[in-house]
Amino acid sequence: MTSPHRFLLSAAPRRAVQVLAAVGAATLLVTGCGSDSGSDKGSDGKAEAASGTGGKRTVKDATGKAIEVPANPQRIVTLTQEDLDAVLALGVKPVGITNGQGLNKPPAYLADKVEDINVVGNLLQPVMDKVVAAKPDLILAGDMQDEQMLKQLREITPATLVTMAPTDDWKLSFRGVGNALNKMDQANKVIGDYEAKAKKAGEGLGANKGAEVSIVRWNPDGPSWMEKKQFASGVALDMGLKRPKTQDKDGNAHAPALSLEKINEIDGDWLFLSTLTSDGEKALKDVQEKPAYKDLNAVKKNHAVTVNGSVWSTRGGPIASGAVVDDITKALSKS
C-alpha cells in the first residue's frame, strides 16, 4: 500500500475488499454529523463550543468504525496527500504531513501551502516519534490497511480515522474528512464550486467539447490507462468529456501495463500522460522515440500532453481536481 502502485489490487481480492469497505464508507456520511453522546452536551443541553479540549463528537470512518474526535480539532496530522489536499481545501493547516505519492517531498502542487509544516514520514509510512512530536488530536490515515500501524497511531491519539475505502471517489472521502473536522457545510460548498467550475470549463471547449480523452500513467514496464471512476477520469467526465471505447470501463483502478504491441489502446482524440517515478519518466521518454508511439493518432495531431503524476495519478482531492480541470482546459483550448 505504500508503493506508487498502491491502487493496483488484484481483481478478485480487490472486489471483496471493495464490497466490505464501501459499506463502511457509505455510513461515514450519515453518522456523526453532530454530537451523539451525552459527553458532548453542556449544562444547557447544547454541544460545547470546541475550544481546546472542550467538545467531542462521534463519527464513523471509511471502514464503519465509530471514532470519537474533537468537536473542532486543532492539531491534525495527515498521512496521505489526499487528506492533506482535503484539509487545506477546508482552510485548515495541519501540524504534520507525509511526502507525496512516489516522492521524497510533499507534492509540488501543494508545496507553497505546506512550506513550514513538519513532514512526519512518507506516504502511509509515518515515523512514530515524529507523529508523537506533532502532538495530534486527530490523525487522518487515508486508505491505511495496516492494522498494527493503526493500533500504534491510536495509542498516540484514539482519534485516528481511515478516511477512504477502495471504492470511494474523492468527493465521498472529502465529505468524510469534512465531517471529521465538523465542516460538512463547507465541504459541500467546495464540491459544489468545483462541479460548477468543471461544467463551465467543459462547455467552453469549443470544437473539443465532448472530446475523447485518454488518461494514462506510464510505468517502467509500460503504460496503464485509467478506468472511468479513477480520479482524473472522473474529473474529465465532470467536464462532459468522453473516454475512448477501449477505456470506457467502470472502476477506479489502472489497467495492467501494456506492451508496445498493444499501445494503440491508449490512443484517443487527446492523450494525457503522467509518471510517478524517475524510472517511469525514463520509460516514457524512451518510447516517445519509437514508431509505435509516433503512429498514435493523438501524437500525430500534437494532442499528447504530459501532466503532473502527483496530481493526475492519485486518488485526488478538491485542489487536485481544480488543477486537472485547468490542465485539460489549457490543452484543449489551444486546438
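Residues numbered from 1 in each chain as written. Predicted model: local features only at pLDDT ≥ 70, side-chain atom pairs only at ≥ 80, totals over all residues. Heavy atoms only, no water.

**Here we look at the side chain of Ser 214**
- On the secondary structure map, Ser 214 appears in strand 10 (residues 213-219).
- Engagement of the side chain of Ser 214 in a polar contact is seen with the backbone oxygen of Ile 266, the distance being 2.5 Å. (Helix = DSSP H or I, 4+ residues; strand = E, 2+ residues; numbered from the N terminus. Polar contact = N/O pair within 3.5 Å; in protein donor to acceptor, adjacent residues only side chain to side chain.)

**Brief notes about the environment of Lys 65**
- With respect to the element layout, Lys 65 can be found in the loop between strand 1 (56-60) and strand 2 (66-70).
- Taking C-alpha positions, Lys 65 is 8.5 Å from Leu 161, a pair spaced 96 residues apart along the chain.
- Once residues within four sequence positions are removed from consideration, Lys 65 is found in contact with Val 59, Lys 60 and Arg 154. (Contact = heavy atoms within 4.5 Å.)

**Some remarks on unusual backbone geometry**
- Positioned with a positive phi, Leu 124 is a non-glycine residue whose angle comes to about 55 degrees.
- Examined against the element boundaries, Leu 124 turns out to sit in the loop between strand 6 (121-122) and strand 7 (125-126).
- Of the residues examined, Leu 124 reaches a relative accessible area of 5% and is grouped as buried.
- Located in the positive-phi region is Asn 302, a residue other than glycine, with phi close to 60 degrees. (Buried < 20%, exposed > 50% of the residue type's maximum accessible area, 1.4 Å probe, protein only.)

**Notes on the packing of helix 6 (residues 184-203) against helix 7 (residues 231-238)**
- Across the interface, helix 6 lies against helix 7 with an axial gap of 8 Å and an inter-helix angle of 65 degrees. Along the contact surface, helix 6 presents Tyr 194, Ala 198 and Lys 199, while helix 7 presents Gly 234, Val 235 and Asp 238.
- Tallied by class, the residues present in the contact of helix 6 with helix 7 amount to three nonpolar, one polar and two charged. (Axes fitted to C-alpha atoms, helices over the stretch in contact; angles between N-to-C directions. Nonpolar A, V, L, I, M, F, W, Y, C, P; charged D, E, K, R; others polar.)

**What about helix 8 (residues 278-287)?**
- Restricting attention to buried positions, one finds in helix 8 the residues Gly 280, Ala 283, Leu 284 and Val 287. What you see down the axis of helix 8 is that its buried residues fit within an arc of 100 degrees, all on one side. Those residues of helix 8 that are exposed and angled more than 90 degrees off the buried face are Ser 278, Lys 282 and Lys 285. (Arc of directions from axis to C-beta.)

**Concerning the packing of helix 6 against helix 12 (residues 318-332)**
- Following both chains from N to C, one finds helix 6 and helix 12 inclined at 10 degrees, their axes separated by 10 Å at the closest point. What the angle tells us is that helix 6 and helix 12 run roughly parallel. Residues Val 190, Tyr 194, Lys 197, Ala 198 and Ala 201 of helix 6 pack against Pro 318, Ser 321, Gly 322, Val 325, Asp 326 and Thr 329 of helix 12.
- Here the residues of the contact of helix 6 with helix 12 are counted per class, giving six nonpolar, three polar and two charged. (Parallel < 35°, antiparallel > 145°, perpendicular 65-115°, else oblique.)

**Observations concerning the sheet that holds strand 12 (residues 270-274)**
- Read across the sheet, four strands follow the order 11-10-12-13 without closing on themselves; strand pairing throughout is mixed. In this open sheet, the two edge strands, each paired with only one partner strand, are strand 11 (222-225) and strand 13 (304-306). Adjacent strand axes in the sheet meet at a mean angle of 30 degrees, parallel and antiparallel pairs treated alike.
- Bridge count between strand 10 and strand 12: five bridges; the pairing is parallel. Looking at strand 12, one finds that Ile 215 is bridged to Phe 272.
- Along the sheet, helix 12 contacts strand 12 and strand 13; its crossing angle with strand 12, the most-contacted strand, is approximately 135 degrees. (Pairing = 2+ DSSP bridges.)

**Quick notes on the pattern of salt bridges**
- Taken as a whole and assessed by the stated rule, the structure comprises 13 salt bridges.
- Connected through shared salt-bridge partners, Lys 171, Glu 195 and Asp 238 make up one network. (Salt bridge = Lys/Arg side-chain N within 4 Å of Asp/Glu carboxyl O.)

**Quick notes on helix 2 (residues 81-89)**
- Across the nine residues of helix 2, eight count as buried, placing the element largely inside the fold.
- The set of residues buried in helix 2 consists of Gln 81, Glu 82, Asp 83, Leu 84, Asp 85, Ala 86, Val 87 and Leu 88.
- Residues of helix 2 that are buried in the fold lie against strand 3 (76-78), strand 4 (96-97), strand 8 (138-140), helix 5 (170-180), helix 11 (309-312) and helix 12.
- Directly beyond the C-terminal end of helix 2, a positive phi value near 80 degrees is found at Gly 91.

**What about the side chain of Ser 321?**
- Along the chain, Ser 321 turns up in helix 12.
- By relative accessible area, which is 0% here, Ser 321 ends up buried.
- Residues contacting Ser 321, with those up to four places away along its chain left out, are Trp 170, Tyr 194, Phe 231 and Val 235.

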